[in-house]
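Structural overview
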Amino acid sequence: MAQYHPRMARERKTIEAMVRLYCHDHHTTQTDLCAECSELLGYALARLDKCPFQEGKTSCAKCPAHCYKPDMREKIRIVMRYAGPRMPYRHPILAIYHMFDGRRKEPVSAKRNSDSA
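Residues numbered from 1 in each chain as written. Predicted model: local features only at pLDDT ≥ 70, side-chain atom pairs only at ≥ 80, totals over all residues. Heavy atoms only, no water.

Brief notes about the pattern of salt bridges
Basically, it comes down to this: We define a salt bridge as a side-chain nitrogen of Lys or Arg found within 4 Å of a carboxyl oxygen belonging to Asp or Glu. Numbering of helices and strands runs from the N terminus, with a helix taken as a DSSP run of H or I at least four residues long and a strand as a DSSP run of E at least two residues long.
Taken as a whole and judged by the stated rule, the model has five salt bridges. Among the ionic pairs, R7 bridges to E11, the shortest N-O distance being 2.6 Å. Placement of both R7 and E11 in helix 1 (residues 6–26) is noted, with a separation of four residues, approximately one turn of the helix.

Given below as structure tokens:
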């Protein structure tokens, strides 16, 4: 397993929790994800790995770079629209961090971030 910055590891946990919540409630799965949600989660995690902002990122909704293909973007938007309001009840810590991350004004590029060090 790859080693991730704590910010990115938390982002991965958040997206996985959201997809699982949506899949369990809409596709009546118990432990594993259905094929469609599994594909969506894999795609989202791959996009997260390639994010140019990495640990300096804001929430994807406020990001100036759109990493998702239009059809996948619509699918993840549906998942987040459903799971977002339920996250404080099911995963309160992740929800609080996600709220703070979303309040960042603009993402900080990984390159720009490393130049200032």
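What about the packing of helix 1 against helix 3 (residues 70–83)?
Formally: For every element, the axis is a line fit to its C-alpha atoms; helices are fit only across the contacting stretch, and the angle between N-to-C directions ranges from 0 to 180 degrees. If an angle is under 35 degrees, it is roughly parallel; if it is over 145, roughly antiparallel; if it lies from 65 to 115, roughly perpendicular; otherwise it is oblique. Two residues form a contact once any of their heavy atoms are found within 4.5 Å. Under the grouping applied here, Gly and all other residues not named as nonpolar or charged are polar, the nonpolar ones being Ala, Val, Leu, Ile, Met, Phe, Trp, Tyr, Cys and Pro and the charged ones Asp, Glu, Lys and Arg.
Running from N to C, helix 1 and helix 3 point in directions that differ by 85°, and their axes come no closer than 9 Å. It follows that helix 1 is roughly perpendicular to helix 3 by the angle criterion. From helix 1, I15, M18, V19, L21, Y22, D25 and H26 reach across to helix 3, where they touch I76, I78, V79, M80, Y82 and A83. Its residues assigned to classes, the contact of helix 1 with helix 3 comprises eleven nonpolar, one polar and one charged.

A closer look at the layout of surface pockets
A water-sized probe, rolled over the atoms, reveals where empty space remains. Let me state the cut-off plainly: Within this scheme a cavity is a closed region of a 1 Å grid, computed over the protein atoms alone, that accommodates a 1.4 Å probe without allowing it to escape, whereas a pocket is open but has protein on both sides within 12 Å along at least five of seven lines; lining residues each have an atom within 4 Å of a point. Grid points are joined across faces, edges and corners, and a volume is the space filled by probe spheres set on the points.
For the largest pocket, the calculated volume is near 480 Å³. For the largest pocket, the lining is made up of 23 residues, of which C60, A61, Y68, I76 and M80 are closest to its centre. Among the elements of the structure, helix 1, helix 2 (35–49) and helix 3 are those that each provide at least two residues to the lining of the largest pocket. Here the lining of the largest pocket takes five residues from helix 3, the largest share from any one element.

Notes on the packing of helix 1 against helix 5 (residues 92–102)
Defined as follows: Put simply, a crossing is left-handed when the front helix is turned counterclockwise from the back one by less than a right angle, and right-handed when it is turned clockwise.
Axis separation between helix 1 and helix 5 bottoms out at 10 Å; the angle between their running directions is 115°. Between helix 1 and helix 5 lies a crossing of left-handed hand. Taking contact as the criterion, the partners of R7, R10, E11, K13, T14, A17 and M18 in helix 1 are, on helix 5, L94, Y97, H98 and D101.

Points about a nonpolar patch on the surface
Stated precisely, the cut-off is as follows: Residues form patches when they are more than 30% accessible in relative terms and have no salt bridge. Like charges link within 9 Å. Nonpolar side chains (Val, Leu, Ile, Met, Phe, Trp, Tyr) link within 5 Å. Only the protein chains shown count as covering a residue, and every accessible area follows the Shrake-Rupley method with a 1.4 Å probe. Exposure categories follow from relative accessible area, calculated using a 1.4 Å probe and restricted to protein chains: below 20% of the type maximum is buried, above 50% is exposed, and the middle band is partly exposed.
On the surface, a cluster of nonpolar side chains totalling about 320 Å² of accessible area is made up of I96, M99 and F100. Structurally, I96 is set in helix 5. Look at I96 and you get partly exposed, because its relative accessible area is 42%.

Structural notes on the side chain of T14
When you line up the elements, T14 lands in helix 1. The residues contacting T14, other than those within four sequence positions of it, are M87, L94 and H98.

A closer look at the confidence of the model for the chain
We apply this condition: The predictor attaches a confidence to each residue, called pLDDT, with possible values from 0 through 100.
On average, the chain scores 82 in pLDDT, and the residues at 70 or more come to 86%. Here residues 112–117 is a poorly scored stretch, pLDDT under 50, and it has four contacts once near neighbours within four places are set aside; other chains count.

So, the packing of aromatic side chains
The condition that has to hold: Note on aromatic contacts: the rings of Phe and Tyr and the six-membered ring of Trp form a pair at centre separations within 6.5 Å, being stacked when their planes are under 30 degrees apart, edge-to-face when over 60 apart, and tilted otherwise. Either the NZ atom of lysine or the CZ atom of arginine qualifies as a charge over a ring when it sits within 6 Å of the ring centre and within 35 degrees of the ring normal.
Under the definition given, this model contains two aromatic pairs. With centroids separated by 5.5 Å and ring planes inclined at 70°, the aromatic side chains of Y43 and Y68 adopt a geometry described as edge-to-face. With a gap of 25 residues between them, Y43 in helix 2 and Y68 in the loop between helix 2 and helix 3 connect regions that are remote in the sequence. For the pair Y43 and Y68, one class covers both residues: buried. The cationic tip of R10 hangs over the ring face of Y97; the distance from NZ or CZ to the ring centre is 4.2 Å. Positioned above the aromatic ring of Y82, the side-chain terminus of R86 is 3.7 Å from the ring centre.

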